[in-house]
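Reading the structure
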Amino acid sequence: MSVPFFSPQGAAFGVDLAACVRRVLDSGWYVLGPHVREFEQAFARYVGVGQAVGVANGTDALVLALRALGVGPGARVAAAANAGYYASTAIAQLGAEPLYVEIDEDDLSLSPAALEQALRAGPVAAVVLTHLYGRMGDVPRIAAACRAAGVPLVEDCAQAHGARRGGRRAGAWGALACFSFYPTKNLGALGDGGLVATDDPALAERVRALRQYGWAAKYEVVLPGGGNSRLDELQAAVLLAKLPRLDEANAERRAIAARYGAAFAGLPLRLPPPAGEHDVAHLYVVRTPRRDALRAHLAARGIACDAHYPVPDHRQPARAGRPAPALPVTEAACAQVLSLPCYPGLTPEQAGQVIEAVRAFFEEAARC
């Protein structure tokens, strides 16, 4: 592909990754050592919370956060159904049941009105709000609704590192917040990694215990349901080096999104809202009923793209035979979403290729 969907070079932010590896090798400490502790502290300060707990990946972060809140078999957890089945996976691992809530037509995040209705219908053990595509949902209203209902809010910030509303970052609104550091994320490691952030010291201690077998001290298991989910030193060292450059990288993503938005205005495409501070443009997602044809057209021109996410959670084969809720906005969005290349390191020339190819597709269609 002449325009790949992701660039490891751009995602490195210019950091000397080999030096990070050498520091870890020289320390002789590979798991839950000084780099992890330093990164946890730095990331907590960045988000604006008191506590951060590094874990093995973003899905584990969701599982451990919900488990720390006491979510267990049979409990209902409210979530959107258009976010890749990640929250559904975590909910299933706990034996809980997803309560799929309709999304907002414009930002494709949880609809506050639909959530408020679901909370009134109750009972709901927790709410997972996914800040989808790097764009924060209406978290002030959703957090207020959760407080009024006495239901804990878990933010899924896997795609929203650095986003903020009113100066308050994603991850600083809920009882707990979950982050992924998969290499393609806005802040990505060299492999898997995750983190749970919170302002509640008691919840943080529960997550710390649960990430390592339920230990209070070595070989002393005090919490049931613990596992092995530890952020390793190598990933922490890389993340620690990249964190100071995250805001600059997010600005680069926003600039690409703004260029796309200006170039595609007037085309028969549903464009994402302009990327303000609440949107770190993790993905630039357009909507069109001709998604598959546009995707094939771009691939023929050497431009990689993807669909995030084409199958809504309640329609996944793994849930075959279960009652499916009526979620028309969710299903319509999943049938039309297409993600275009948008990442640090995408050159102006490459962005121009994307723009030219998308415009050519609709110009050719108009002539037919």
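Residues numbered from 1 in each chain as written. Predicted model: local features only at pLDDT ≥ 70, side-chain atom pairs only at ≥ 80, totals over all residues. Heavy atoms only, no water.

If you tally the helices and strands in the protein, you get 13 helices and 13 strands. Reported as C-alpha extents along the three principal axes, the dimensions of the protein are approximately 70 × 55 × 40 Å. Every one of the 368 residues in the protein was classed for burial, and the buried ones make up 55%. Relative to all contacts within the protein whose residues are 6 or more apart in sequence, the contacts with residues 24 or more apart total 71%. For the protein, the computed accessible surface area is about 14,900 Å², with 53% contributed by carbon and sulfur atoms. When the 36 basic and 35 acidic side-chain charges of the protein are each reduced to a single mean position, those positions are 1 Å apart. (Helix = DSSP H or I, 4+ residues; strand = E, 2+ residues; numbered from the N terminus. Buried < 20%, exposed > 50% of the residue type's maximum accessible area, 1.4 Å probe, protein only. Contact = heavy atoms within 4.5 Å. Areas by Shrake-Rupley, 256 points an atom, 1.4 Å probe, with all protein chains shown as cover. Lys, Arg positive; Asp, Glu negative; His and termini not counted. Charge placed at Lys NZ, Arg CZ, Asp CG, Glu CD.)

Packing of helix H6 (residues 112-121) against helix H7 (residues 139-149) leaves a shortest axis separation of 10 Å and a crossing angle of 10°. Relative to H7, the element H6 lies roughly parallel. Seen from H6, the contacting residues are Pro112, Ala113, Leu115, Glu116 and Leu119; seen from H7, they are Arg141, Ile142, Ala145, Cys146 and Ala149. Within the contact of H6 with H7, the residues separate by chemical class into 8 nonpolar, no polar and 2 charged. (Axes fitted to C-alpha atoms, helices over the stretch in contact; angles between N-to-C directions. Parallel < 35°, antiparallel > 145°, perpendicular 65-115°, else oblique. Nonpolar A, V, L, I, M, F, W, Y, C, P; charged D, E, K, R; others polar.)

Here we come to the side chain of Ser229. Here Ser229 lies in the loop between strand S11 (220-221) and helix H9 (233-242). At 3.1 Å, the side chain of Ser229 forms a polar contact with the backbone nitrogen of Ala56. Each residue touching Ser229, except ones within four places of it in the same chain, is listed here: Gly54, Val55, Ala56, Asp60, Leu64 and Arg211. (Polar contact = N/O pair within 3.5 Å; in protein donor to acceptor, adjacent residues only side chain to side chain.)

Here the focus is the side chain of Gln159. One can find Gln159 in the loop between strand S5 (153-156) and strand S6 (164-165). Residue Gln159 is classed as buried on the basis of its relative accessible area, which comes to 6%. Each residue touching Gln159, except ones within four places of it in the same chain, is listed here: His131, Leu132, Tyr133, Gly134, Lys185, Asn186, Val280, His282, Leu283 and Tyr309.

Now for the nonpolar core. Side chains that are nonpolar tend, in soluble globular proteins, to be buried together. Ranked by size, the top nonpolar core spans 67 residues in total, and within it Phe39, Phe43, Val127, Phe179, Phe181 and Leu187 carry the most contacts. Val53, Leu176, Leu203 and Leu223 belong to the second largest nonpolar core, which has 30 residues in total. (Core = buried A, V, L, I, M, F, W, Y, C linked by side-chain atoms within 4.5 Å.)

To continue, consider the pairing of strand S3 (residues 97-100). In this sheet, S3 lies alongside strand S2 (residues 76-79) in parallel orientation, the contact comprising 4 bridges. Pairing of Val77 across the sheet is with Pro98, part of S3. For the segment spanning S2, helix H5 (residues 86-93) and S3, crossover handedness is right-handed. (Pairing = 2+ DSSP bridges. Right-handed = clockwise from strand over helix to strand, strands pointing away.)

Let's shift gears to helix H8 (residues 201-210). Side chains that are three or four residues apart share a direction in an α-helix, a result of its 3.6 residues per turn. Restricting attention to buried positions, one finds in H8 the residues Leu203, Ala204, Val207, Ala209 and Leu210. Of the surrounding secondary structure, the elements contacted by the buried residues of H8 are strand S1 (51-55), helix H4 (58-68), strand S8 (176-180), strand S9 (194-198) and strand S10 (215-217). A distance of 2.9 Å separates the backbone nitrogen of Ala202 from a side-chain oxygen at the start of H8, and that oxygen is part of Asp200.

With that settled, consider the sheet that holds S3. A sheet is described by the order of its strands in space; here 7 strands give the open sequence S1-S9-S8-S5-S4-S2-S3, paired in mixed fashion. Two strands bound the open sheet, and with one partner strand each, they are S1 and S3. Adjacent strand axes in the sheet meet at a mean angle of 25° when their direction is disregarded. Lying on the sheet, H7 is in contact with strand S4 (126-130) and S5; it crosses S5 at an angle near 150°. Contacting S1, S8 and S9, H8 runs over the sheet at an angle of about 15° to S1.

Moving on, we come to the pattern of salt bridges. On inspection of all chains with the given rule, the structure shows 16 salt bridges. Note that Arg322 is salt-bridged to Glu97, the shortest N-O span being 3.9 Å. In this pair, Arg322 sits in the loop between helix H11 (291-300) and helix H12 (328-334) while Glu97 sits in strand S3, placing the two residues 225 residues apart along the sequence. The salt bridge involving Asp279 is made with Arg135; its shortest N-O contact spans 3.6 Å. Taken as a pair, Asp279 in the loop between helix H10 (246-264) and strand S12 (284-287) and Arg135 in the loop between S4 and H7 lie far apart in primary sequence, 144 residues in all. Overall, Asp279 belongs to the buried group, its relative accessible area being 3%. Residue classification places Arg135 among the buried residues on the basis of a relative accessible area of 5%. (Salt bridge = Lys/Arg side-chain N within 4 Å of Asp/Glu carboxyl O.)

Before going further, it helps to spend a moment on the packing of H11 against helix H13 (residues 348-367). One can describe the packing of H11 onto H13 by two numbers: an axis separation of 10 Å at closest approach and a directional angle of 125°. Between H11 and H13, the interaxial angle falls into the category oblique. Crossing handedness for the pair H11 and H13: right-handed. Facing H11, whose interface residues are Ala293, Leu294, His297 and Leu298, H13 presents Ala357, Val358, Ala360, Phe361, Phe362 and Glu364. Taken together, the residues of the contact of H11 with H13 sort by class into 8 nonpolar, 1 polar and 1 charged. (Left-handed = near helix turned anticlockwise from the far one by under 90°.)

Another aspect to go through is H4. For H4, a buried count of 9 out of 11 residues is recorded, marking the element as mostly surrounded by other parts of the structure. When H4 is considered as a whole, its buried residues turn out to be Gly58, Asp60, Ala61, Leu62, Val63, Leu64, Ala65, Leu66 and Ala68. Two or three places before Thr59, at the start of H4, stands the capping residue Asn57, its side-chain oxygen 3.2 Å from that residue's backbone nitrogen. Immediately downstream of H4, the backbone of Gly70 shows phi near 90°, a positive value.

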